[in-house]
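Structural features, examined
Listed below, chain by chain, are the residues.
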Amino acid sequence: MKILIINGPNLNLLGLREPAVYGSRTYSDLCTFIGDVCVEHNIEYKLFQSNSESAIIDEIQAAYGVFDGIVINPAAYTHTSIAIPDAIKAVGVPAIEVHISNIYEREEYRHRSFTSQACITTIYGLGFDGYKNALILLKDYLTKGIKPEQGKAPDGRKIAGFLKVSRQNYQPAEHYGDIKLPLRATEGSAGYDFFAPYDIALEPHQTVTVPTGIRARIDKGWVLMIFPRSGLGFKYRLMLNNTVGIIDSDYFYSDNEGHIFIRFTNGDSPLCIRKGDAFAQGVFVPYGITSDDCTDAVRNGGFGSTDIKK
Ligand code: DQA
């Protein structure tokens, strides 16, 4: 398995460049990070960085017949270049787009990506971890045909995206690195599995609140419903404390970043959920509003809240 990792303009200046946005680690740190991931996952790789659009296109063209996949952070060319996605489409090498920052929470002009049209999926806002996720997803896609199409509604619309909350918003801090983005188990399943960020041992009838470390960006008109994993309901009678878990699209903009907490109570038998186990699932559901609805209040809510933003 050979994967080409392309980084576009100014990413060579990581560390120096806007550390509040991109962090303090350097490009050489990124190369080491990617190298470690590739070794761990048995991926042969080549790293390429250029500030020039034409050099990036030449590199994509040269990947034809040589590389099985491409992970690309086109940097600012994401928002301007038609030639880069054209090159990816031309060679037909499966590609995943990565951005260190969350381009959807930055300036409006960064919200549009031309590259994404040529890529299987786009990962953004996860820092260096985005490259790791991209490499693993690409390997799964190339070896098992698993498509990383998060949030793709049955009619083909992508209506949501999962992100990690920022480090300073996560307790227990030592488990921040263990937070995994929710995933669907199969192409046909509706539920996105939420994974335990640490071991959770429950006595009969014990209640716990799990800070998932996850937030969901959801298009208006959709809501994320949270349920216990059905197997845990069947076997243990595990139940949500709020009975219904509803994550509204405007929760994302709350002061707590829309951090999803899941509180549940165990049934009659002791239960141990291991770190990395799926324990809950989220399903995106469309909703309607009444014809005389004129609500315009803005939410600022924590757990289960509909508090109004001042
Ligand atoms: C970037 C986001 C782009 O908008 C920006 O121009 C970059 C880096 C990122 O990795 O977050 O150079 O691709």
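Residues numbered from 1 in each chain as written. Predicted model: local features only at pLDDT ≥ 70, side-chain atom pairs only at ≥ 80, totals over all residues.

**Topic: the overall build of the protein chain**
The condition that has to hold: Runs of E in the DSSP output that reach at least two residues are strands. Runs of H or I that reach at least four are helices, and both are numbered from the N terminus. Each radius of gyration is computed over the set of C-alpha atoms, and the globule rule expresses the reference value as 2.2 Å times the number of residues to the power 0.38. Counting other C-beta atoms within 10 Å of a residue's own tells you its class, since 20 or more makes it buried, 12 or fewer makes it exposed, and anything in between is partly exposed; those C-beta atoms are placed from the backbone. By the convention adopted here, residues are in contact when the distance between their C-beta atoms, placed from the backbone, does not exceed 7 Å.
When you go through the protein chain residue by residue, the secondary structure sums to six helices and 17 strands. A compact globule built from 310 residues should have a C-alpha radius of gyration of about 19 Å, and the protein chain, at 21 Å, falls within 12% of that. Considering only C-alpha atoms, the protein chain reaches an extent of 60 × 50 × 40 Å along its principal axes. The buried share among the 310 residues of the protein chain stands at 34%. Across the protein chain, the fraction of contacts at a sequence separation of at least 24, relative to all contacts at a separation of at least 6, is 73%.

**Considerations on the site of the ligand**
Here is the rule: We call a residue near a molecule or strand when the C-beta position, derived from backbone atoms, sits within 6 Å of it. Nonpolar residues are Ala, Val, Leu, Ile, Met, Phe, Trp, Tyr, Cys and Pro. Charged residues are Asp, Glu, Lys and Arg, and all others, Gly as well, are polar.
In the vicinity of the ligand, the residues found are Asn10, Asn73, Ala75, Ala76, Thr78, His99, Ile100, Ser101, Ile103 and Arg110. Its residues assigned to classes, the shell around the ligand comprises four nonpolar, five polar and one charged.

**As for the sheet that holds strand E5 (residues 121-124)**
Rules: Any two strands with at least two DSSP-identified bridges between them are counted as paired. Axes here refer to lines fitted to C-alpha atoms; in helices the fit is confined to the stretch in contact. Angles between the N-to-C directions go from 0 to 180 degrees.
Pairing is parallel across the open sheet formed by five strands, whose spatial order is E2-E1-E3-E4-E5. Both outer strands of the open sheet, strand E2 (44-49) and E5, are each paired with one neighbouring strand and no more. Averaged over all adjacent pairs, the angle separating strand axes in this sheet is 20 degrees, with direction ignored. Strand direction decides the pairing type here: strand E3 (residues 69-73) and strand E4 (residues 95-99), joined by three bridges, are parallel. Residue pairing in the sheet places isoleucine 70 in a bridge with alanine 95 of E4. Packed onto the sheet, helix H2 (residues 27-40) meets strand E1 (2-7) and E2 and runs at close to 165 degrees relative to E2.

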